[in-house]
Amino acid sequence: MAFGQPRIEYKTNAQMRIMHEAGLVLSRALDAAVAAAVPGATTAQLDAVFRAVLDEAGAKSNFLGYHGFPATICTSVNEEVVHGIPGARVLNDGDIISIDGGAIVDGWHSDSARTVIVGTPDPEDVRLSEVTEEAMWRGIAALATGKFVGDIGCAVDDYVSSVPGKPLGILEDYVGHGIGSEMHMAPDVLNYRTSHRGPKIRPGLCLAIEPMLVRGSIDTAVLEDEWTVVTTDGKRSCQWEHSVAVHEKGIWVLSAPDGGAERLAPLGVVPVPIP
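Residues numbered from 1 in each chain as written. Predicted model: local features only at pLDDT ≥ 70, side-chain atom pairs only at ≥ 80, totals over all residues. Heavy atoms only, no water.

A.B. asks: What should I look at first to understand the layout of surface pockets in this one?
C.D. replies: If a probe the size of a water molecule is rolled over the atoms, the empty space left behind becomes visible. Within this model, the largest pocket holds a volume of roughly 380 Å³. What lines the largest pocket is a set of 16 residues, among which Pro187, Asp188, His196, Gly198 and Pro199 lie closest to the centre. No other element matches the 3 residues that strand β7 (residues 185–189) contributes to the lining of the largest pocket. Residues that form the lining of the largest pocket fall into these classes: 8 nonpolar, 6 polar and 2 charged. Its volume calculated, the second largest pocket comes out at about 290 Å³. Around the second largest pocket sit 19 residues that line it, and His83, Asp100, His177, His184 and Glu210 are the ones nearest its centre. For the lining of the second largest pocket, a count of residues per class yields 10 nonpolar, 5 polar and 4 charged. (1 Å grid on protein atoms, 1.4 Å probe; cavity = no way out; pocket = protein on both sides within 12 Å on 5 of 7 lines; lining within 4 Å. Points joined across faces, edges and corners; volume = space filled by probe spheres on them. Helix = DSSP H or I, 4+ residues; strand = E, 2+ residues; numbered from the N terminus. Nonpolar A, V, L, I, M, F, W, Y, C, P; charged D, E, K, R; others polar.)

Below, the structure written as structure tokens:
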């Protein structure tokens, strides 16, 4: 602890390169889980597909056993916001599901989430997912151009607030985080604007940036399983997440095969591979 604040772990380039290896394994595992998210599939089947990719790569899950969590991914369907436990639930046409997973390679962590609309999409769910994903990329771009971690939340909030149409809510109870030798580390990465600037952005900082948006109220509750978080009004939710590294030459999205180049280009940011 320093001045009452948790110490931030700053990584070397070599450590961040291993985190990128973990991120690439994770990306492939999420590819497989997303492809398996079809009508009639169970969330347990998605977990098995994800786990098989990690096993083949020799990577470990950082979700399995985390404070007793029983699976390798979180599968949060419809009104479930985060931390949904895979099981016998069958995916139906029109469901929206957030798949959140992680991987460890040589002790270094990655964390990423994607949202999938199963079968026939509801246009409002498409809008929810697209806005959430773009908000994530706006936050990542702010990591590249900003001075403080709080700039990320400002960028996410400003973008979501600017989108025309019915307002979407930004969850405040669940935020992004530092990542490295552990999955959840300092600092917290807020997805909304506050007066708190947070720590300075400097090389070696690695963050999981993960906005969570809802179509209704931001009020949530935890189910009896003590994991699954749901919206109290039953409205649908969405999560997108990437792990990102800051180094001397720029930023690199650790859980994206192209380092984030395609989605950051329209925002004027060119990610640079870790030296």
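This is not the end of the story, as more comes after the structure.
A.B. asks: Can you walk me through the sheet that holds strand β6 (residues 176–178) in this structure?
C.D. replies: Strands belonging to one sheet form pairs held by backbone hydrogen bonds; the direction of such a pair is parallel or antiparallel. Here we have 5 strands laid out as an open sheet, ordered β7-β6-β8-β13-β14, and antiparallel in their pairing. The open sheet terminates on both sides in strands that have one partner only, identified here as β7 and β14 (250–253). Neighbour-to-neighbour, the strand axes of this sheet turn through a mean angle of 25 degrees, independent of strand direction. When strand β13 (residues 242–247) meets β14, the two strands line up antiparallel, connected through 4 bridges. (Pairing = 2+ DSSP bridges. Axes fitted to C-alpha atoms, helices over the stretch in contact; angles between N-to-C directions.)

A.B. asks: When you look at the sheet that holds strand β5 (residues 169–170) in this model, what are you seeing that I'm missing?
C.D. replies: Strand order in the open sheet made by the 3 strands is β5-β9-β12, with antiparallel pairing throughout. The sheet is open, and its two edges are formed by β5 and β12 (237–239), each paired on a single side. Bridge count between strand β9 (residues 212–214) and β12: 3 bridges; the pairing is antiparallel. Note that in β12 the partner of Val214 across the bridge is Ser237. On the sheet, helix α3 (residues 123–145) packs against β9 and β12 and is oriented at approximately 30 degrees with respect to β12. (Contact = heavy atoms within 4.5 Å.)

A.B. asks: In this structure, what is going on with the side chain of Asp125? I would like to understand it.
C.D. replies: Note on placement: Asp125 falls in helix α3. The residues touching Asp125, leaving out its near neighbours within four places in the chain, are Gly94, Ile96, Ile117, Arg215 and Arg236.

A.B. asks: I would appreciate a short explanation of the pattern of salt bridges in the present structure.
C.D. replies: Once the charged atoms of two side chains with opposite charge are near each other, the side chains can pair. Under the defined criterion, the tally for this structure stands at 12 salt bridges. Note that Asp31 and Arg114 form a salt bridge whose closest N and O atoms lie 2.7 Å from each other. In this pair, Asp31 is assigned in helix α1 (residues 13–36) and Arg114 in strand β4 (residues 108–117), connecting sequence segments 83 residues apart. What makes Asp31 partly exposed here is its relative accessible area of 41%. Note on Arg114: relative accessible area 16%, which makes it buried. In this structure, Arg51 and Asp47 form a salt bridge, with 3.2 Å as the shortest nitrogen-oxygen distance. In this pair, Arg51 and Asp47 both sit in helix α2 (residues 43–57), 4 residues apart, roughly one turn of the helix. (Salt bridge = Lys/Arg side-chain N within 4 Å of Asp/Glu carboxyl O. Buried < 20%, exposed > 50% of the residue type's maximum accessible area, 1.4 Å probe, protein only.)

A.B. asks: What exactly am I supposed to notice about the packing of α1 against α2 here?
C.D. replies: In helix packing, the relevant descriptors are the interaxial angle and the interaxial distance, both defined with respect to the helix axes. Between α1 and α2, the least distance of the axes is 8 Å, while the angle of their chain directions is 150 degrees. Relative to α2, the element α1 lies roughly antiparallel. Considering only the axes of α1 and α2, their crossing is right-handed. Contacts from Val25, Leu26, Arg28, Ala29, Leu30, Ala32, Ala33 and Ala36 in α1 reach Leu46, Val49, Phe50, Val53, Leu54 and Ala57 in α2. Considered class by class, the residues forming the contact of α1 with α2 number 13 nonpolar, no polar and 1 charged. (Parallel < 35°, antiparallel > 145°, perpendicular 65-115°, else oblique. Left-handed = near helix turned anticlockwise from the far one by under 90°.)

A.B. asks: Sorry, what's going on with the packing of α3 against helix α4 (residues 150–162) here?
C.D. replies: Look at α3 against α4: their axes get within 8 Å of each other, and the N-to-C directions meet at 145 degrees. Relative to α4, α3 is oriented so that their crossing is right-handed. On α4, the residues touching Val131, Glu134, Ala135, Arg138, Gly139, Ala142 and Leu143 of α3 are Asp151, Ile152, Ala155, Val156, Tyr159 and Val160. The residue inventory of the contact of α3 with α4, partitioned by class, reads 9 nonpolar, 1 polar and 3 charged.

A.B. asks: Sorry, what's going on with the nonpolar core here?
C.D. replies: Most often, soluble globular proteins have nonpolar side chains that are buried together. In terms of nonpolar packing, the biggest core is built from 34 residues, with Ile140, Leu143 and Val160 touching the most fellow members. When residues of this core are traced back to their parent elements, those giving at least two are α3, α4, β7, β8 (206–209), β13 and β14. With 8 residues, the single largest contributor to this core is α3. Discounting residues that sit within four places of it in the chain, Val160 has contacts with Val131, Ala135, Leu168, Ile170 and Leu213. Counting residues in hydrophobic clusters, the runner-up holds 23 residues, among them Ala22, Leu54, Ala59 and Ala103. (Core = buried A, V, L, I, M, F, W, Y, C linked by side-chain atoms within 4.5 Å.)

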